[in-house]
Amino acid sequence: METEYLFVVLGLAALFAGFVDAVVGGGGLIQLPALFAAFPAAMPATLFGTNKLASIVGTASAAIQYGRRVRIPWRVAVPGAFAALIGSWYGAKAVAYLDPAILRPLILLLLVLVAIYTFVRKDLGAVSTEPEHGVRSVLLALAIGLGIGFYDGFFGPGTGSFLIFLFIRLLGMDFLRASVSAKILNVATNVAAIAYFVGNVELLWALAAVMAVCNLSGAVLGSRMALRHGTGFVRKMFLGVVLVLIVRLAYDTFLR
């Protein structure tokens, strides 16, 4: 495939990934398969790192866009992001010792349960029921950040969806506040993973730069649409992304 055509195709994939990721997460569902299809002989770590480089700009932009219109719960977002940073670093290191594929059946089951729970509970995330965030909320944010951060560095699919669901279910946020909080933690996990990959594998810097610009454009569009249409739109997108994740992981687990 010619380099120019390759950049165009992967740029379009990054644009769509940025849009989806800005609303509910899950951009890796689009971006990573596109990279693996374009570079079938490349080291997986090279493509994972390139994907992180392309994604972090869009994720940070979406967090800023949300932050201008949605009040960010900094008291839980900051400790959660710090824990996610640590968790993601050790998750990336763990890839060298364990096969991430061993998690597929468990993650598939969890995603099915998340989808069923969200579908049945029509009021889930419709309105904020957040308490005053005290010590309990901070401890929950630390646990969420550390656990999901490790998962993102180690495996990754569904990170944004798990963060949003846990922020809604455990901390009482609505979908918009959960989404902006998830973006902040996702930036932290991306920073940690990139720091690890930069020092240990070769990355496709030129391609990552092009994809980052496209991802950023998609993120701006996605965050503006989410803010315009509110929690109902984000909830529908969330369910859609979770269902796609279920199909993808089921295929990888049972059919490949």
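Residues numbered from 1 in each chain as written. Predicted model: local features only at pLDDT ≥ 70, side-chain atom pairs only at ≥ 80, totals over all residues. Heavy atoms only, no water.

Engineer: Talk me through the overall build of the chain; I want residue IDs and the actual numbers.
Structural biologist: Assigned secondary structure in the chain consists of nine helices and zero strands. In the chain, the succession of α and β elements from N to C terminus is α-α-α-α-α-α-α-α-α. Since a compact globule built from 256 residues should have a radius of gyration of about 18 Å, the 17 Å found for the chain is in line with a globular shape. With respect to the principal axes defined by its C-alpha atoms, the chain has extents near 55 × 40 × 35 Å. (Helix = DSSP H or I, 4+ residues; strand = E, 2+ residues; numbered from the N terminus. Rg over C-alpha atoms; globule rule 2.2 N^0.38 Å.)

Engineer: Residues and numbers for helix α4 (residues 74-94), please.
Structural biologist: Between its first and last C-alpha, α4 extends 29 Å over 21 residues, near the 30 Å set by a 1.5 Å rise per residue. Considering only its buried residues, α4 is in contact with α6 (135-154), α7 (159-171) and α8 (175-200). (Expected span 1.5 Å × (residues − 1). Contact = heavy atoms within 4.5 Å.)

Engineer: Let's hear about the side chain of S55: which residues, and what values?
Structural biologist: Structurally, S55 can be placed in helix α3 (residues 44-69). A residue is classified by how much of its surface remains accessible, and S55, at 12% relative accessible area, is buried. In terms of polar contacts, S55 uses its side chain to reach the backbone carbonyl oxygen of N51, at 2.8 Å. Setting aside residues up to four positions removed in sequence, S55 forms contacts with Q31, N190 and N215. (Buried < 20%, exposed > 50% of the residue type's maximum accessible area, 1.4 Å probe, protein only. Polar contact = N/O pair within 3.5 Å; in protein donor to acceptor, adjacent residues only side chain to side chain.)

Engineer: Please give an account of the pattern of salt bridges that cites residues and values.
Structural biologist: Charged atoms that come close allow side chains of opposite charge to pair. Overall, the coordinates contain one salt bridge when judged by the stated rule. D152 is paired through a salt bridge with K52; the nearest N and O atoms lie 3.1 Å apart. In this pair, D152 is assigned in helix α6 and K52 in helix α3, connecting sequence segments 100 residues apart. Its relative accessible area of 7% is what places D152 among the buried residues. (Salt bridge = Lys/Arg side-chain N within 4 Å of Asp/Glu carboxyl O.)

Engineer: Now, about the layout of surface pockets: what can you tell me, with residues and values included?
Structural biologist: As a volume, the largest pocket reaches approximately 970 Å³. Considering the residues around the largest pocket, the lining is formed by 46 residues, among which L32, F48, F155, G156 and P157 are closest to the centre. Contributing elements (two or more residues each) for the lining of the largest pocket: α1 (3-24), α2 (28-38), α3, α4, α6, α7, α8 and α9 (205-254). The element contributing the most residues to the lining of the largest pocket is α3, with seven residues. For the lining of the largest pocket, the per-class residue count stands at 22 nonpolar, 15 polar and nine charged. (1 Å grid on protein atoms, 1.4 Å probe; cavity = no way out; pocket = protein on both sides within 12 Å on 5 of 7 lines; lining within 4 Å. Points joined across faces, edges and corners; volume = space filled by probe spheres on them. Nonpolar A, V, L, I, M, F, W, Y, C, P; charged D, E, K, R; others polar.)

Engineer: Pulling in residues and values, what's your account of the environment of L227?
Structural biologist: Along the chain, the position of L227 falls in helix α9. Here L227 falls in the buried class, since its relative accessible area comes to 12%. Here the alpha-carbon distance between L227 and Y66, two residues 161 residues apart in the chain, equals 7.3 Å. Discounting residues that sit within four places of it in the chain, L227 has contacts with Q65, Y66, R69 and V70.

Engineer: Give a detailed account of a nonpolar patch on the surface, specifying residues and quantitative values.
Structural biologist: The grouping of F82, L85, I86, W89, Y90, L146, F150 and V191 at the surface amounts to a nonpolar patch, some 720 Å² of accessible area in total. Among the elements that make up the nonpolar patch, the one with the highest residue count is α4 (five residues). Positionally, W89 belongs in helix α4. (Patch = residues over 30% accessible without salt bridge, like charges linked within 9 Å, V, L, I, M, F, W, Y side chains within 5 Å. Areas by Shrake-Rupley, 256 points an atom, 1.4 Å probe, with all protein chains shown as cover.)

Engineer: Go over the UniProt feature "transmembrane region" (unreviewed entry) in the chain, please, and point to the residues and values.
Structural biologist: Mapped onto this structure's residue numbering, the UniProt feature "transmembrane region" (unreviewed entry) falls at residues 72-90, 102-120, 140-168, 180-198, 204-221 and 233-251. Here residues 72-90 runs as 89% helix and 0% strand, with 27 Å between its end C-alpha atoms. This span, residues 102-120, is 89% helix and 0% strand, and a straight line between its end C-alpha atoms measures 29 Å. (UniProt positions renumbered as here; feature names shortened; annotations may be inferred.)

Engineer: Explain the environment of A38 to me, and be specific about the residues and the numbers.
Structural biologist: Its place among the elements puts A38 in helix α2. On the accessibility criterion, A38 (22% relative accessible area) is partly exposed. Sequence separation between A38 and G25 is 13 residues, and the spatial gap between their C-alpha atoms is 23 Å. The residues touching A38, leaving out its near neighbours within four places in the chain, are L6 and L10.

Engineer: Got a sec to walk through the nonpolar core? Specific residues and values, please.
Structural biologist: Membership of the largest hydrophobic core comes to 54 residues, with the highest contact counts inside it found for I107, L111, I164, F167 and F238. Taken together, the elements giving at least two residues each to this core come down to α1, α3, α4, α5 (104-120), α6, α7, α8 and α9. It is α9 that provides the largest number of residues to this core, a total of 10 residues. If we skip the residues at most four places from it in the chain, I107 touches Y151, F155, P157, F162 and L249. (Core = buried A, V, L, I, M, F, W, Y, C linked by side-chain atoms within 4.5 Å.)

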